[in-house]
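Results of the structural survey
What follows is the residue order along each chain.
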Amino acid sequence: MSEGAVKHQTESREDRKKQRELAEARQAGTAAPAMDVNSGQMINPHNPEFITKKPWYLGGDSSGPTLDHQATGEKEAELTLSLADTVVKREREELKKKLKKINKEGKGFEVGMWVEALKKGKRPYLMAKVTKVGKKGKEVDLEFEDGSKEKSVRCSNGRVKATKVGSRSSTSTGAHGKLTYASKRDAYHGYDAGEEHAKTIEKFNNREAIRRKMREDAVKKARAEKAVEGKDADSDSDSDSDADSDDSENEFVEKEGKGFTTRLARQGGVGGAQMMVTARNLRIREDTAKYLRNLDPNSAYYDPKSRSMRDNPNPEVNPEDLQFAGDNFTRITGDAVDLADTQLFAWDAQDQGIQELHAQANPSQAELLKKKYKKETNTLKITKKKAVLDKYGGGEYLDGGDGL
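Residues numbered from 1 in each chain as written. Predicted model: local features only at pLDDT ≥ 70, side-chain atom pairs only at ≥ 80, totals over all residues. Heavy atoms only, no water.

Some points on helix H3 (residues 81-105)
Under the 1.5 Å per step criterion, the end-to-end length of H3 is 36 Å for 25 residues, consistent within 8% with the ideal 36 Å. All of the buried residues in H3 are Ala-84, Val-87, Val-88, Leu-99 and Ile-102. Gly-106 sits one or two positions beyond H3 and adopts a positive phi of about 75 degrees. (Helix = DSSP H or I, 4+ residues; strand = E, 2+ residues; numbered from the N terminus. Expected span 1.5 Å × (residues − 1). Buried < 20%, exposed > 50% of the residue type's maximum accessible area, 1.4 Å probe, protein only.)

So, in C-alpha cells, the structure goes:
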C-alpha cells in the first residue's frame, strides 16, 4: 500500500466506551460540545454519529472533528430554454467561421473530423473521416464510409471540404452548464426560423420557375401547331370560315362551362365526381335560412357545420301554420316511421326465435314478412269479431267498418 493511501484502524472496546460516555455528557450539557477545527463553529451534540464522524475512506477524524465532508459542492449552472438556444447559436457561428477558414486556407483539419472528399479525385463528394493529419496540416489520410482508405490527400485543391454533420447541436454540460428538463426535451432546440424560412422561399421560387418554363414551352408548342394548321387551311379559307367561327364559339362555350363546373365543385370543398352532390347540397337562395326563423338566441340550436336545426324554432306556433318544424320532424314522417316499424318487427321476431330475420342484412324479406304478418293479424281479428256477432248477435247496430 502506498504512503498516501488511507489506513483504517480498528478502535478498541475501551476507546468506544469513552467516546460514548463523552457523547452522552455533551448531550446532557455537562461537557463542552465539539468544535469544528476548520470553521471554528460548534457542532450540535445531538447530531447522529454517521453525520458528525468523517468516514475512514475520506481520511477519518485524524485532523479533528469537522463537518466539511457534509458540505455540498458548488451548484452547477443550469441552461434554460433561452440560454441553451443562445449557446447553440454561438457554437454554430463559431463552427461556420472555423469551416470557412478551413475551406479557404486548406488546413486546420483535425483527427476524427468528418469531411466531404472526392474519392480518387472523381465526383460525387463522399463522407470520409480524417485518420491522420500531415505535419503542415495540408495533407490528410481519409477513411471512407465503405471502408476504403486514401493517404496523403492534398486539401488545397478543393478535393476535401469541411462540413458539419448532424442537424441538432449539442451543448457541453461541463463548459456551459446543465440542461434543464425543458431545454433537454425542446423540440425546437437551436431552430433558426429565419434560415429555414429562407430555404422554404428558395424551394418555392425554384419550383415556380420550373412551372413557369413548362407553361411557356406549352404555349410555344400550341402556337407552332396552330401556325402549321393555319398554313394548311389557307386554300379552304372561304369554305371553312363559317365552320371555324362555329368551332371557336363552341370552344369558348366549353371553356366557360368547364370553368363554371370547376367553381361549382369548389364551392362545397369537393370536386370531380362529387360535383353534382355539392350542387345538390347548396341551399336555394330564395329559401329562408333556418337560423333566421327565430332570432331569439335561446331558441333552437343551429349547427353551422351540418347546417341543421333539429328542434322546432317556433314551438308556440300552431303546427298547421308552421313552415319549418325542425329537422327532427322528418324522423316521424314518411318512410322513416315504416323503417322503424320494420326494425321493431325484426327484433320481436328474433325474440320469438326467428333468428334468420334481419332488417339490415335482408330488408326485403323483413318487409314482406311484416306485411304478411299484418295481413294475417287483421284477418284473425275480423274472424274473431264475426264469431262473436254470430253467437250473440248485434250485427245490425254496426256501421259496416273493419270488414263487418
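Read on, since the account is not over.
Some remarks on unusual backbone geometry
Residues Arg-123 and Pro-124 are joined by a peptide bond in cis, for which omega reads 5 degrees. In this fold, Pro-124 is placed in strand S3 (residues 122-133). Positioned with a positive phi, Ser-152 is a non-glycine residue whose angle comes to about 55 degrees. Looking at the secondary structure, you find Ser-152 in strand S5 (residues 149-154).

Considering a negative patch on the surface
A cluster of like negative charges, contributed by Glu-93, Glu-94, Asp-192 and Glu-195, occupies part of the molecular surface. Looking at where Glu-94 falls in the secondary structure, it is placed in helix H3. (Patch = residues over 30% accessible without salt bridge, like charges linked within 9 Å, V, L, I, M, F, W, Y side chains within 5 Å. Areas by Shrake-Rupley, 256 points an atom, 1.4 Å probe, with all protein chains shown as cover. Salt bridge = Lys/Arg side-chain N within 4 Å of Asp/Glu carboxyl O. Lys, Arg positive; Asp, Glu negative; His and termini not counted. Charge placed at Lys NZ, Arg CZ, Asp CG, Glu CD.)

A look at the nonpolar core
The nonpolar side chains of a soluble globular protein tend to be buried, and buried together. Among the nonpolar cores identified, the biggest contains 15 residues, and Phe-109, Val-115, Ala-117, Ala-128, Val-140, Leu-142 and Val-160 are the most heavily contacted of them. Those elements that provide at least two residues to this core are H3, strand S2 (114-119), S3, strand S4 (139-144) and strand S6 (160-162). The element best represented in this core is S4, accounting for three residues. When neighbours within four sequence positions are excluded, Ala-117 is seen to be in contact with Pro-124, Tyr-125, Leu-126, Ala-128, Leu-142, Phe-144, Arg-159 and Val-160. One finds Ala-346, Ala-349, Ala-359 and Ala-366 within the second-largest nonpolar core, a separate group that totals six residues. (Core = buried A, V, L, I, M, F, W, Y, C linked by side-chain atoms within 4.5 Å. Contact = heavy atoms within 4.5 Å.)

Brief notes about the packing of aromatic side chains
Summed over all chains, the structure comprises three aromatic pairs. Here Tyr-291 and Tyr-302 contribute two aromatic rings whose centre-to-centre distance is 5.1 Å and whose plane-to-plane angle is 65 degrees, an arrangement assigned as edge-to-face. One end of the pair, Tyr-291, is in the loop between helix H8 (275-281) and helix H9 (335-351); the other, Tyr-302, is in the loop between H8 and H9, and 11 residues separate them in sequence. On the basis of relative accessible area, Tyr-291 is assigned to the partly exposed category, the value being 42%. Look at Phe-345 and Tyr-373: their rings are 5.5 Å apart centre to centre, the planes differ by 40 degrees, and that puts the pair in the tilted class. (Phe/Tyr/Trp six-rings, centres within 6.5 Å; stacked < 30°, edge-to-face > 60°.)

Here we look at the pattern of salt bridges
Tallying each qualifying case throughout the model produces 12 salt bridges. One connected set of salt bridges, linked through shared partners, spans Glu-208, Arg-211 and Arg-215.

Brief notes about the confidence of the model for the protein chain
Averaged over all residues, the pLDDT of the protein chain is 78; the fraction at 70 or higher stands at 79%. Across residues 248-271 the pLDDT falls below 50, and counting only partners more than four positions away or on other chains, this stretch makes 12 contacts in the model. (pLDDT = per-residue confidence, 0-100.)

Some points on the packing of H9 against helix H10 (residues 363-392)
Look at H9 against H10: their axes get within 10 Å of each other, and the N-to-C directions meet at 85 degrees. One finds that H9 runs roughly perpendicular with respect to H10. Every residue of H10 that contacts H9 at Asp-338, Asp-341, Thr-342 and Phe-345 is listed here: Ala-366, Glu-367, Leu-369, Lys-370, Tyr-373 and Lys-374. (Axes fitted to C-alpha atoms, helices over the stretch in contact; angles between N-to-C directions. Parallel < 35°, antiparallel > 145°, perpendicular 65-115°, else oblique.)

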